[in-house]
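Okay, here's what each chain looks like letter by letter:
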2 protein chains.
Amino acid sequence: MSKTVLIVHAHPDPASLTAQLAASARDVLRGVGHEVIQSDLYAMGWKAVYDERDFPRRRDASRLSFVDESGHAFRTGTQPDDIRTEQAKLLAADAVVFQFPLWWFGMPAIMKGWIERVFAYGLAYGHRGAGNTHRYGEGGLAGKRAMLSVTTGGPADDYAARGINGQLDELLFPITHGTLFYPGMEVLPTHAVHGAGRIDGAGMDAARAALAARLRGLFSDAPIPYRAQNGGDYPGRHLLADDIAPGVTGLRAHLAV
Amino acid sequence: MSKTVLIVHAHPDPASLTAQLAASARDVLRGVGHEVIQSDLYAMGWKAVYDERDFPRRRDASRLSFVDESGHAFRTGTQPDDIRTEQAKLLAADAVVFQFPLWWFGMPAIMKGWIERVFAYGLAYGHRGAGNTHRYGEGGLAGKRAMLSVTTGGPADDYAARGINGQLDELLFPITHGTLFYPGMEVLPTHAVHGAGRIDGAGMDAARAALAARLRGLFSDAPIPYRAQNGGDYPGRHLLADDIAPGVTGLRAHLAV
């Protein structure tokens, strides 16, 4: 069945690996009958900095609480047009693919700023105005899928389970778990192309093919098995129950494996 | 002995908890005789987006490689003035304190963009133009200390070893290890104030006192015991040796404990 996929990507050079993979992803997804919408953040001149200009009609002009003003602006329909447009694209999407170069082990600032401004209170957090009652596995983006598709300068070994940079899926946990699973999205394992700085023509073909293979599983592959807040593993909504993954600490404790 | 401390902070409201803690940190550090320099990113109107405007004299105008152009601009002294000014402040500092609200489990985009633009190739990576030869424990910022001082909306439990958000020090590993230890800084354990949205006058006093206590140890407390790349634990510079923390995987494997 035809689905709608939003591709958000961040590199200013149309000839970059990021731009080429985003274009390739678009073609592959259209080729299997999906509708594709895109947010090419550099080309759009996306405003990265989240600030008072994003709240033209303040709830409280005397102090700037981003949480309060975000909720107020979202609820009252007073957000700037660029934010509303991106939220509409996000809400229209059945899946979102984020294509970006890993810079200092995270998203480029322009993409982080897309998250901060588009993921409003009432939409991506504070679901139903109920604070943290609904999060991690349910929320305003439930029913959608997400996948990170990253390029790195270093070799794959550096991101392996005992690689010097740290294991890639743990480095990206703040995004996959804390940003995408938080509002209820099902998040697929991250797709990575390593050694991006030295890629040649054959490497490019291989990178396109590998991404295409992942995209063909976008709506069928198993998501990362993060634990839902309200699924029983966190009885008070904050801490894992003692009998769930007993003795396990850190990020991996939140994987139901 | 008197030292120089750079405080980088990110919140647009001068009355915010972030701004108040940054001001309090400045006063405490000056009170013990240190020189304090500041980068109030919102007040400076810091350009968050890393793009072609940061390379006014391109090495290669036909394609934009950030690594290549960053190295070229840094080496040839052709970086924009705002980047050069921040690099001079960074190089003058014996320690850097980053004060920010945790947004989607990371730095606000404006601060991420400070890292991306200021941490140039040849300064913070690609030390001595030698790619990854010198990193993690040595590099262009060796001899300096760093500390993250964050505020979070949620309760401390959410960030505990078995808290639903994930353990705070693992969430921040991409910054503490991947961004600050990478160019050689000694990184102190992160300082956090939780429940920032509902803080009252007494809570504010407690928050100031707790930060002051940490700042008094800025040059004496033990840093996080991350493993140096060239200290013997990573014989080929990429993977942990089999006999180091045998069987341990993920971020924690890089702690010498």
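Shown above is the structure to which this text applies.
An account of the accompanying structure is given in this report. (Residues numbered from 1 in each chain as written. Chains lettered and ligands numbered in written order. Predicted model: local features only at pLDDT ≥ 70, side-chain atom pairs only at ≥ 80, totals over all residues.)

Across the boundary between the two partners, chain A contributes 58 residues, which contact 59 residues of chain B. It is helix H5 (residues 109–118) of chain A that provides the largest number of residues to the side of chain A that touches chain B, a total of 6 residues. Considering only residue class, the side of chain A that touches chain B consists of 28 nonpolar, 19 polar and 11 charged. (Contact = placed C-beta atoms within 7 Å. Helix = DSSP H or I, 4+ residues; strand = E, 2+ residues; numbered from the N terminus. Nonpolar A, V, L, I, M, F, W, Y, C, P; charged D, E, K, R; others polar.)

What follows concerns the environment of Gly184(A). Residues and elements named next belong to chain A. Mapped onto the elements of the fold, Gly-184 is located in the loop between helix H7 (173–181) and strand E5 (186–187). Owing to 20 C-beta atoms within 10 Å, Gly-184 belongs among the buried residues under this scheme. Each C-alpha atom of the pair Gly-184 and Leu-141 lies 5.2 Å from the other, and the pair is 43 residues apart in sequence. The contacts of Gly-184, once residues within four sequence positions are left out, are Gly-137, Glu-138, Gly-139, Gly-140, Leu-141 and Ala-142. (Buried ≥ 20, exposed ≤ 12 C-beta atoms within 10 Å, placed from the backbone.)

Another point: the nonpolar core. Of all hydrophobic cores here, the largest spans 151 residues; its most connected members are Ile110(A), Met111(A), Ile110(B) and Met111(B). Here Ile110(B) is in contact with Val49(A), Ala10(B), Leu41(B), Tyr42(B), Trp46(B) and Ala48(B), once residues within four sequence places are set aside. (Core = buried A, V, L, I, M, F, W, Y, C linked by C-beta atoms within 7 Å.)

Residue and element names in this part refer to chain B. Here strand E3 (residues 95–101) lies mainly inside the structure; 7 of its 7 residues are buried. In E3, alternate side chains face the same way, and those of Ala-95, Val-97, Gln-99 and Pro-101 on one face and Val-96, Phe-98 and Phe-100 on the other are all buried. Taken together, the 5 bridges between strand E1 (residues 4–9) and E3 define a ladder with parallel strand orientation. What sits directly across from Val-5, in E3, is Ala-95. In this sheet, strand E4 (residues 145–151) lies alongside E3 in parallel orientation, the contact comprising 7 bridges. If you follow Pro-101 over to E4, its bridge partner there is Thr-151. In this region the chain leaves E3, passes through helix H5 (residues 109–118) and returns to the parallel neighbour E4; the handedness of that crossover is right-handed. (Pairing = 2+ DSSP bridges. Right-handed = clockwise from strand over helix to strand, strands pointing away.)

Of the two same-sequence chains, chain A is brought onto chain B (RMSD 0.0 Å, axial shift 0.0 Å) by a rotation of 180°. Expressed as a symmetry operation, the mapping of one chain copy onto the other fits a two-fold axis. The C-alpha atom lying nearest the rotation axis in chain A is that of Ala109(A); the distance is 2.4 Å. Of all interface residues in chain A, 100% are interface residues in chain B too; the two copies therefore contact each other through one and the same surface. (Least-squares fit on C-alpha atoms with pLDDT ≥ 70 in both.)

This part takes up H5(B). Turn by turn, an α-helix covers 3.6 residues, leaving residues three or four places apart pointing in a common direction. Among the 10 residues in H5(B), 10 count as buried, and that is most of the element. Every buried residue of H5(B) is listed here: Ala109(B), Ile110(B), Met111(B), Lys112(B), Gly113(B), Trp114(B), Ile115(B), Glu116(B), Arg117(B) and Val118(B).

We now examine H7(A). Where burial is concerned, most of H7(A) is hidden: 9 out of the 9 residues are buried. Of all the residues in H7(A), the buried ones are Phe173(A), Pro174(A), Ile175(A), Thr176(A), His177(A), Gly178(A), Thr179(A), Leu180(A) and Phe181(A).

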